[in-house]
Number of protein chains: 2
Amino acid sequence: MDRKIRTVLTVRLFTDEKCFGPGVATLLHKVRELHSLRAAAMDMSMAYSKAWTIVKNAERQMGFPLLLSTTGGRHGGGAVLTEEGQALLDAYDGYCAELRETADRLYDKYFAKFQ
Amino acid sequence: MDRKIRTVLTVRLFTDEKCFGPGVATLLHKVRELHSLRAAAMDMSMAYSKAWTIVKNAERQMGFPLLLSTTGGRHGGGAVLTEEGQALLDAYDGYCAELRETADRLYDKYFAKFQ
């Protein structure tokens, strides 16, 4: 019993079906950084068509748009997060962060004995 | 914004690599109930060879046996959880349950606004 155990939490949001999880959260972070869904997908080594499907599915399930297409200007053909998309991403990140704190606090109680 | 969102948590344990999660936890619960890894795998519609590999990988990563083969007697050819396997399953279940409580408590803070 000398192995260091670490715990990994994955949080997924469901409505009727799965709609939001680590994949779409990472995509939205990248869109915010790169101002483009295509660039975000490329940065994650993901096909653009897959990224597009993930975002569209999340939007349909949530009932509001996450991305706003931008045309022209310095970031022509790009995308930005909608206000609701930004709020959802912040909520997801905050929720995961607070859960992670609890997970760290509970760790010793449950797993210290296996180290 | 009229969709009911629910959150699903998945907890996985890692040492060098992934070693314990919902799949092996369910297998161990079934072994405890059915006194047989083969019956447990069948009950989960999982190939016995896959169940065996999952358990062996978890044992190798954790550094202790999870199952004890039993031969003869009323449950001939079956399996039971080792003391350490039972302790790990209890720890995993307890950890997940406490995290789930926290997740439920945090839900409104983060997601009520999206209902």
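Predicted, not measured: the structure shown is a model, and the values here were computed from it. (Residues numbered from 1 in each chain as written. Chains lettered and ligands numbered in written order. Predicted model: local features only at pLDDT ≥ 70, side-chain atom pairs only at ≥ 80, totals over all residues. Heavy atoms only, no water.)

Undergrad: How do you make sense of the pattern of salt bridges when you look at a structure like this?
TA: Opposite charge on two side chains makes pairing possible when the charged atoms of those side chains draw close. All names here are of chain B. Under the defined criterion, the tally for this structure stands at 10 salt bridges over all chains. Across the salt bridge formed by R32 and D90, the nearest N and O atoms sit 3.9 Å from each other. You can see R32 sitting in helix 1 (residues 22–34) and its partner D90 sitting in helix 4 (residues 83–111), a full 58 residues away along the chain. Residue R32 is classed as partly exposed on the basis of its relative accessible area of 37%. (Salt bridge = Lys/Arg side-chain N within 4 Å of Asp/Glu carboxyl O. Helix = DSSP H or I, 4+ residues; strand = E, 2+ residues; numbered from the N terminus. Buried < 20%, exposed > 50% of the residue type's maximum accessible area, 1.4 Å probe, protein only.)

Undergrad: Is there a simple way to think about the packing of helix 1 of chain B against helix 4 of chain B in this case?
TA: Any two packed helices are characterised by how steeply their axes cross, that is the angle between the axes, and by the distance between the axes. Residue and element names in this part refer to chain B. Contact geometry of helix 1 with helix 4 gives a least axis separation of 11 Å together with a crossing angle of 125°. As judged from the angle between their axes, helix 1 and helix 4 are oblique. For the pair helix 1 and helix 4, the crossing hand works out as left-handed. On the side of helix 1, the interface is formed by P22, A25, L28, H29 and R32, while helix 4 contributes G85, Q86, L89, D90, Y92 and D93. Considering only residue class, the contact of helix 1 with helix 4 consists of 5 nonpolar, 3 polar and 3 charged. (Axes fitted to C-alpha atoms, helices over the stretch in contact; angles between N-to-C directions. Parallel < 35°, antiparallel > 145°, perpendicular 65-115°, else oblique. Left-handed = near helix turned anticlockwise from the far one by under 90°. Contact = heavy atoms within 4.5 Å. Nonpolar A, V, L, I, M, F, W, Y, C, P; charged D, E, K, R; others polar.)

Undergrad: Before we go on, may I ask you to explain the relation of the copies chain A and chain B in this structure?
TA: The operation relating the pair of chain copies consists of a rotation about an axis and a translation along that axis. Its rotation angle being 180°, the transformation that places chain A on chain B also includes 0.0 Å of axial translation and leaves an RMSD of 0.0 Å. Read as a symmetry element, the transformation amounts to a two-fold axis. Ranked by how close their C-alpha atoms come to the rotation axis, the residues of chain A are headed by T10 of chain A, at 2.5 Å. A shared binding surface is used by both copies, with 100% of the interface residues of chain A retained as interface residues in chain B. (Least-squares fit on C-alpha atoms with pLDDT ≥ 70 in both.)

Undergrad: Mind showing me how you'd approach the nonpolar core here?
TA: In globular proteins that are soluble, nonpolar side chains generally tend to be buried together. Within the largest apolar cluster, 70 residues are counted, with the highest numbers of intra-cluster contacts made by F20 of chain A together with F20 of chain B. With residues up to four places along the chain from it excluded, the contact list for F20 of chain B reads V11, R12, L13, A25, L28, L88, L89 and Y92 of chain B. (Core = buried A, V, L, I, M, F, W, Y, C linked by side-chain atoms within 4.5 Å.)

Undergrad: Explain the sheet that holds strand 1 (residues 6–14) of chain B here, please?
TA: Spatially, 2(A)-1(A)-1(B)-2(B) is the arrangement adopted by the 4 strands of the open sheet, whose pairing is antiparallel. Edge positions in the sheet fall to strand 2 (18–20) of chain A together with strand 2 (18–20) of chain B, since each has one partner strand and no second. Averaged over all neighbouring strand pairs, the angle between strand axes comes to 55°, with direction disregarded. Here helix 1 of chain B sits on the sheet in contact with strand 1 and strand 2 of chain B, set at roughly 25° to strand 2 of chain B. In the packing of helix 4 of chain B onto the sheet, contacts are made with strand 1 (6–14) of chain A together with strand 1 and strand 2 of chain B, and the angle to strand 1 of chain B comes to roughly 145°. (Pairing = 2+ DSSP bridges.)

Undergrad: Whenever I open this one, the interface of chain A and chain B confuses me. Can you help?
TA: Size of an interface: often given as the accessible area lost when the parts come together. Listed per partner, the contact involves 37 residues of chain A and 37 residues of chain B. Between chain A and chain B, roughly 3500 Å² of surface is buried when both sides are summed, and carbon and sulfur atoms account for 63% of that area. Where chain A touches chain B, the interface holds 2 salt bridges. E98 of chain B is the partner of K109 of chain A in a salt bridge, and the nearest nitrogen-oxygen pair spans 2.3 Å. Between chain A and chain B we count 17 residue pairs in polar contact (both at pLDDT 80 or more) in total. For the side of chain A that touches chain B, the elements supplying multiple residues, two or more each, are strand 1, helix 3 (48–62) and helix 4 (83–111) of chain A. Ranked by residue count, the leading element in the side of chain A that touches chain B is helix 4 of chain A, at 17 residues. Each residue belonging to the side of chain A that touches chain B can be placed in one class, and the counts come to 21 nonpolar, 7 polar and 9 charged. Of the strand pairs in this sheet, strand 1 of chain A and strand 1 of chain B are connected by 9 bridges, and their pairing is antiparallel. Counterpart to R6 of chain A in the pairing with strand 1 of chain B is F14 of chain B. (Buried area = accessible area lost by both parts, 1.4 Å probe. Polar contact = N/O pair within 3.5 Å; in protein donor to acceptor, adjacent residues only side chain to side chain.)

Undergrad: I would appreciate a short explanation of the state of the cysteines in the present structure.
TA: Put plainly, a disulfide is one covalent bond tying together the sulfur atoms of two cysteines. All names here are of chain B. As enumerated under the stated definition, the model contains 0 disulfides over all chains in all. Take C19: it sits in no disulfide, and the sulfur closest to it among the cysteines is that of C96, at 13 Å. Exposure remark for C19: the relative accessible area of 5% places this residue in the buried category. (Disulfide = S-S within 2.5 Å.)

Undergrad: Help me understand the packing of aromatic side chains, please; the structure alone is not making it clear to me.
TA: Both the distance between ring centres and the angle between the ring planes are used here to describe each pair of aromatic rings. Counted by the stated rule, this structure contains 10 aromatic pairs over all chains. Ring centres 4.9 Å apart and planes at 70° place the aromatic pair Y95 of chain A and F111 of chain B in the edge-to-face group. One end of the pair, Y95 of chain A, is in helix 4; the other, F111 of chain B, is in helix 4, on a second chain. Overall, Y95 of chain A belongs to the buried group, its relative accessible area being 0%. (Phe/Tyr/Trp six-rings, centres within 6.5 Å; stacked < 30°, edge-to-face > 60°.)

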